[in-house]
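# Examining the three-dimensional arrangement
Chain by chain, the residues run as shown.
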Amino acid sequence: MTNKLAKLIFYLGTLISLVLFLALTFDTHRQIQTLTHADQLSEQVVAGKRVWHKYNCNDCHTILGFGSYYGPDMTKVYWRRGSEGIKAVIRSPEKFTTWRKMPRLPLTDKELEDLVAFLQWTSEIDTQGWPPQDQKLRGAPGRAVTLGVSPGAVLFQEKGCFACHRLYGTGGQQGPELTHVGSRLSYETIEKVLTDPRSTNPQATMPPPMVSHEERDRLAAFLAGMK
Amino acid sequence: MLLAYSSQRVAYPYFLVALLLFLLQVVVGTWLALSYAVTMPQWLVDILPFSTTRAIHTNLLVLWLLLGFMGTTYFMIPEETEREIFSPLLAYLQLTLLVGTGVTAIVGFLLGWTKGKPLLEIPFPLDYLVVAGALIFLFNVGMTVIQAKQWTLIQGSLFGGLVFLAVMYLFNLPFYANLSIDWYYWWWVIHLWVEGAWELVAAALTAWILIKITNVPRELVEKWLYVELGLFLFTGIAGTGHHYYWLGAPKYWLWVGGFFSALEPLPILLMVLDAWHYIRNRRAGLNGRLIFTLAVGMSILHFVGAGFWGFAHTLPQINYYTHGSQVTVAHGHLAFFGAYVLLNIMSFYYAMPRLEGLAEFDERRGTLAFWWMSITMMLMTLAFSVAGVLQTYVERVMGLGYMTAQAQMRFWFAILVVLGLSLLGGVILTVVDLLTLRPALAGAKKA
Ligand code: HEM
Ligand code: HEM
Ligand SMILES: [Fe+2]
């Protein structure tokens, strides 16, 4: 190795890498607008991002896989829990956590709405199919929705039922799988459970869903149809 | 008199503060592992959440490593330029400013004052004080070098690396509305630091100390330094792409990031071979062997932690499953330890005896501390890795819930608490030894 060659490696190596990197950065800026649906980056979403920073959520939860690993990843949390599910956890984390705790954070109602908007926007970023464990979720509610074009299915996702229950094998572990619940329980029974879970089973640990009468009936109709 | 220039003394308080912060960092690290292993009561989590302690752990790390680099730079620059530091007063002022900012930031974290961006939590306007501290430093070092009017490659690499480092921090200052763009530039700070700017600083400091302790010809060292720097920048700049696979950026980053970052271990390997070669062919009669042990140990663990553990999850096919898991933590710990913690420890062991006026010192405690810390850190890395592989398999491959995977991993965090305490022991020994160096016992050892 001559001195000249060594210097050449230094200058050429640096230059090639730098030029390539800057060119791709330029192009990324253009494409990222579509990949992240930047047109839907509303003021509320940005306000939600500030809330995300304000409470330092990121030093326990990863988002896009970055941050700390103490709690679950938040990239697709909107798919997993829906807006009501997310709000419920933040309002009373002690009800949803077991042996690893999350702090009770003093978010205002507005902050909570903004944060949910931010997480909903985030869940739509095209992450090339990451994280692997959440990809199936896209299918489950989607499938339920197309099955009956059911408003109940949408509520099932938005009200956070997925936090504890599974449909087609995806969802939380605390509650029973509900894919075929319609063949086990009648519409009336399901309606009772949704009004007050303890009315059919005094030991039930499920919290009564926060739904209006109308929403409850739609949910019951959807679930009764899951045979 | 072992000090060629009296202004080299400004390095001492930098080292002192760095060592104390290192100690604190590791205490907090053990607390983090404990938070993973046991159930913390809800009331405690409400007032001292994991997020706060994690921010403290990582910010202390960055702060003390940078103070260490700065102290070492102040120690080295007079010898390289053959003149006193431009202004020792500014050096003390800068230290006061940076430590004051750091302490304020940490108290602020405890009170919930944060920018909320991992590793870069220091909020406005403290982040601007950090920039001010960095500017004072660059000015002071820059003036010394300019007035000396003799540039060496080592100086160039050191100064270039420091400027690069400071400039990259600027990308942390704005607020980015788009989350993906936010992370895109977050990595300009984090990745281009540890796999770019800091590597330049490390290569320069290592080359300088190796010349000093082995007396190999400077031309030889500088020739290979050019090659190393070139390879670091060639692989490291475009290699930033290994963080762009899943953040909403175009698909070509899978190719670019994968290709360039897969080559990143090469310059690190070259550094290992270099250090080994210079030490084998040394021409100096320097007493003591601890500094050589540190130089070799550092370069090997740099390679294992950054090169090997980094390569292990850098290809997109693997990163898809390991991204953002405890595998990342395993790599983060060994890479930082091998590359930058040991570099600082080596620099301290080179500079401290000279600052204390000791030609030879008793190396037994220091040697023990090196092995103790290194073996413990290796075991910690293995424990994090086992937890990470479990997590990857249970959560990502099998698709079971997050907490289901955590339950499987819990045992390994209990092990990590024990290892953390052991590391703490090693760190205490290092700190105590460096602050109370004793003359070598007559006839106790000879290299
Ligand atoms: C001394 C040099 C290095 C240090 C100190 C270092 C440190 C780190 C740290 C702390 C992280 C985690 C950042 C976070 O998300 O919070 C990280 C991530 C990563 N590093 Fe390094 N690293 C070094 C070199 C390397 C090298 C040479 C490679 C590749 C060959 C590499 C590959 C990676 C990859 C692929 C990730 C992302 C992991 C993920 O997807 O979660 N690193 N590194
Ligand atoms: C007592 C010893 C230590 C223990 C038990 C420990 C434990 C931990 C834990 C549990 C985390 C949090 C991971 C998460 O975000 O979920 C962490 C983060 C981190 N620690 Fe340590 N640590 C220790 C010492 C060190 C040392 C000596 C270094 C530097 C070499 C270090 C560097 C880091 C870094 C860079 C992170 C961020 C990791 C990432 O984002 O991937 N730690 N540590
Ligand atoms: Fe990187």
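In this text, all values refer to a predicted model and were calculated from it rather than measured experimentally. (Residues numbered from 1 in each chain as written. Chains lettered and ligands numbered in written order. Predicted model: local features only at pLDDT ≥ 70, side-chain atom pairs only at ≥ 80, totals over all residues. Heavy atoms only, no water.)

### Points about the overall build of chain B
What counts here: A run of H or I in DSSP counts as a helix once it spans at least four residues, and a run of E counts as a strand once it spans at least two, with each numbered from the N terminus. Atoms counted for the radius of gyration: C-alpha only. Globule rule: 2.2 Å times residue count to the power 0.38. Burial status follows relative accessibility: with a 1.4 Å probe on protein chains alone, a residue under 20% of its type maximum counts as buried, one over 50% as exposed, and anything between as partly exposed. Contacts are assigned to residue pairs that have any heavy atoms within 4.5 Å of one another. Using the Shrake-Rupley algorithm and a 1.4 Å probe, accessible areas are obtained, with residue cover drawn only from the displayed protein chains. Positive charges come from Lys and Arg, negative ones from Asp and Glu, while His and the chain ends are left out of the count. For the purpose of locating charges, the reference atoms are NZ of Lys, CZ of Arg, CG of Asp and CD of Glu.
For chain B, the helix and strand inventory stands at 15 helices and 0 strands. At 22 Å, chain B has a C-alpha radius of gyration in line with the 22 Å of a compact globule built from 447 residues. If one aligns the C-alpha atoms of chain B with their principal axes, the spans along those axes are about 65 × 45 × 45 Å. When burial is assessed residue by residue, chain B has 65% of its 447 residues classed as buried. The contacts of chain B with a sequence gap of at least 6 include a subset with a gap of at least 24, amounting to 84%. Of the roughly 16000 Å² of accessible surface on chain B, a fraction of 73% belongs to carbon and sulfur atoms. Each charge class in chain B can be summarised by its mean position, and for the 22 positive and 21 negative side chains these summaries are 5 Å apart.

### A word on the packing of helix H3 (residues 50–81) of chain B against helix H5 (residues 126–148) of chain B
Residue and element names in this part refer to chain B. The criterion, for reference: With axes taken as lines fitted to C-alpha atoms, and helix axes fitted only over the stretch in contact, angles between N-to-C directions fall between 0 and 180 degrees. Should an angle lie under 35 degrees it is considered roughly parallel, over 145 roughly antiparallel, and from 65 to 115 roughly perpendicular; all remaining angles are considered oblique. The classification used treats Ala, Val, Leu, Ile, Met, Phe, Trp, Tyr, Cys and Pro as nonpolar, Asp, Glu, Lys and Arg as charged, and all other residues, Gly among them, as polar.
H5 packs onto H3 with a crossing angle of 10° between their chain directions and a minimal axis gap of 10 Å. Put simply, H3 runs roughly parallel to H5. On H5, the residues touching Met-70, Thr-73, Tyr-74, Ile-77 and Thr-81 of H3 are Phe-137, Asn-140, Val-141, Thr-144, Val-145 and Ala-148. Of the residues belonging to the contact of H3 with H5, the class tally is 7 nonpolar, 4 polar and no charged.

### Let's talk about the coordination of the iron atom of ligand 2
Residues and elements named next belong to chain B. Condition: A donor here means an N, O or S atom no more than 2.8 Å from the metal, or no more than 3.2 Å when the metal is Na, K or Ca. Since water is not included, a site may seem to lack partners. By the criteria applied here, four donors are tetrahedral when all angles lie between 85 and 135 degrees, four are square planar and six octahedral when opposite donors are over 155 degrees apart and every other angle lies between 65 and 115, and any other arrangement is irregular.
Within the protein, His-57 (NE2) and His-333 (NE2) serve as the donor atoms for the iron atom of ligand 2, at 2.0 Å. Considering all 6 donor atoms around the iron atom of ligand 2, the spread of angles at the metal, 85 to 178°, places the coordination shape in the octahedral class. Of this pair, His-57 sits in helix H3 while His-333 sits in helix H13 (residues 326–355), and the two are 276 residues apart along the sequence.

### Considering the packing of aromatic side chains
Note the cut-off: Only Phe, Tyr and Trp rings take part, Trp by its six-membered ring, and two of them pair if their centres are within 6.5 Å. Stacked means planes under 30 degrees apart, edge-to-face means over 60, and tilted covers everything else. Ring-over charges, as used throughout, are those where CZ of Arg or NZ of Lys falls within 6 Å of the ring centre and within 35 degrees of the ring normal.
The tally for this structure, following the rule as stated, stands at 52 aromatic pairs over all chains. Arranged with centres 6.1 Å apart and planes meeting at 85°, the rings of Phe-69 of chain B and Tyr-340 of chain B form a pair that is edge-to-face. Taken together, the positions of Phe-69 of chain B in helix H3 and Tyr-340 of chain B in helix H13 put the pair 271 residues apart, joining distant regions of the chain. Taken individually, Phe-69 of chain B and Tyr-340 of chain B each receive the classification buried, so the pair is uniform in this respect. With 5.3 Å between their ring centres and 90° between their planes, Tyr-74 of chain B and Phe-137 of chain B make a pair best called edge-to-face. Linking Tyr-74 of chain B in helix H3 with Phe-137 of chain B in helix H5, this pair joins segments that are 63 residues apart in sequence. Look at Phe-137 of chain B and you get buried, because its relative accessible area is 2%. By the ring-pair criterion, three or more aromatic residues cluster together here, those being Phe-21 of chain A together with Phe-171, Tyr-176, Tyr-184, Tyr-185, Trp-188, Tyr-244, Tyr-252 and Trp-253 of chain B. Lying across the ring of Phe-175 of chain B, Arg-50 of chain A places its NZ or CZ 3.7 Å from the centre. Cation over ring: Arg-354 of chain B sits above Tyr-350 of chain B, and NZ or CZ is 3.9 Å from the ring centre.

### Concerning the domain arrangement of chain A
Residues and elements named next belong to chain A. This is how the line gets drawn: Note that the domain bounds reflect an automated or database-derived domain assignment. A 1.4 Å probe defines the accessible area here, and the buried area is the portion of it lost by two parts on being joined, summed over both. Salt bridges are defined as contacts in which a side-chain nitrogen from Lys or Arg sits within 4 Å of a carboxyl oxygen from Asp or Glu. Polar contacts, as used here, are pairs of N or O atoms within 3.5 Å; protein pairs need one atom able to donate a hydrogen and one able to accept it. Residues neighboring in sequence count only if both atoms are side-chain atoms.
Partitioning chain A into structural domains gives domain 1 (39–125) and domain 2 (134–227). Taken together, the contacts link 11 residues of domain 1 with 11 residues of domain 2. In terms of surface lost to domain 2, no three residues of domain 1 exceed Trp-79, Arg-80 and Glu-84, which account for 53% of the buried area on that side. Seen at the junction of domain 1 and domain 2, the total is 1 salt bridge. Across the pair Asp-134 and Arg-80 runs a salt bridge whose closest N-O atoms are separated by 2.9 Å. Here domain 1 and domain 2 share 2 residue pairs in polar contact (both at pLDDT 80 or more) between them.

### Here's the deal with the interface of chain B and chain A
Across the contact, 75 residues belong to chain B and 67 residues belong to chain A. For the pairing of chain B and chain A, the buried interface totals around 6600 Å² over both sides, and the portion due to carbon and sulfur atoms is 65%. Linking chain B with chain A are 3 salt bridges, by the criterion used here. A salt bridge links Lys-49 of chain A to Asp-182 of chain B, with the shortest nitrogen-to-oxygen separation between them at 2.6 Å. Between the two partners, chain B and chain A, sit 33 residue pairs in polar contact (both at pLDDT 80 or more). Looking at the side of chain B that touches chain A residue by residue, the classes come out as 43 nonpolar, 21 polar and 11 charged.

### Examining the coordination of the iron ion (ligand 3)
Residues and elements named next belong to chain B. Coordination sphere of the iron ion (ligand 3), protein contribution only: His-191 (ND1), Glu-195 (OE), His-242 (NE2) and His-243 (NE2), at 2.1 to 2.2 Å. All donors of the iron ion (ligand 3) belong to a single chain; written as a sequence motif, their spacing is H-x3-E-x46-H-H. In this structure, the iron ion (ligand 3) lies 4.3 Å from the iron atom of ligand 1. The class of His-242 is buried, set by a relative accessible area of 14%. Residue classification places His-243 among the buried residues on the basis of a relative accessible area of 15%.

### Description of the side chain of Thr-25 of chain A
Topologically, Thr-25 of chain A is positioned in helix H1 (residues 3–35). In this structure Thr-25 of chain A comes out as buried when scored by relative accessible area, which is 5%. With near-sequence residues (within four places) excluded, Thr-25 of chain A lies in contact with Tyr-184, Tyr-185, Trp-188 and Trp-253 of chain B.

### Side note on the environment of Lys-4 of chain A
Residues and elements named next belong to chain A. With respect to the helices and strands, the residue Lys-4 is situated in helix H1. By relative accessible area, which is 73% here, Lys-4 ends up exposed. Spatially, the C-alpha atom of Lys-4 lies 41 Å from that of Ile-32, the residues being 28 residues apart in sequence.

### Topic: empty space enclosed by the protein
Residue and element names in this part refer to chain B. Here is the rule we go by: A cavity, in this analysis, means grid points on a 1 Å lattice covering only the protein atoms where a 1.4 Å probe fits yet has no way out; a pocket is instead an open set bounded by protein on both sides within 12 Å along at least five of seven lines, and a residue lines either one if it has an atom within 4 Å of a point. Grid points are joined across faces, edges and corners, and a volume is the space filled by probe spheres set on the points.
Taken as a whole and assessed by the stated rule, the structure comprises 7 cavities of 30 Å³ or more. Considering only enclosed or pocket space, the second largest cavity measures out at about 80 Å³ in volume. Forming the boundary of the second largest cavity are Ala-203, Thr-206, Ala-207, Leu-210, Val-221, Trp-224, Leu-225, Glu-228, Met-271, Asp-274, Ala-275 and Tyr-278. Those elements that provide at least two residues to the lining of the second largest cavity are helix H7 (179–214), helix H8 (218–239) and helix H10 (265–280). Classifying every residue of the lining of the second largest cavity by side-chain character gives 9 nonpolar, 1 polar and 2 charged.

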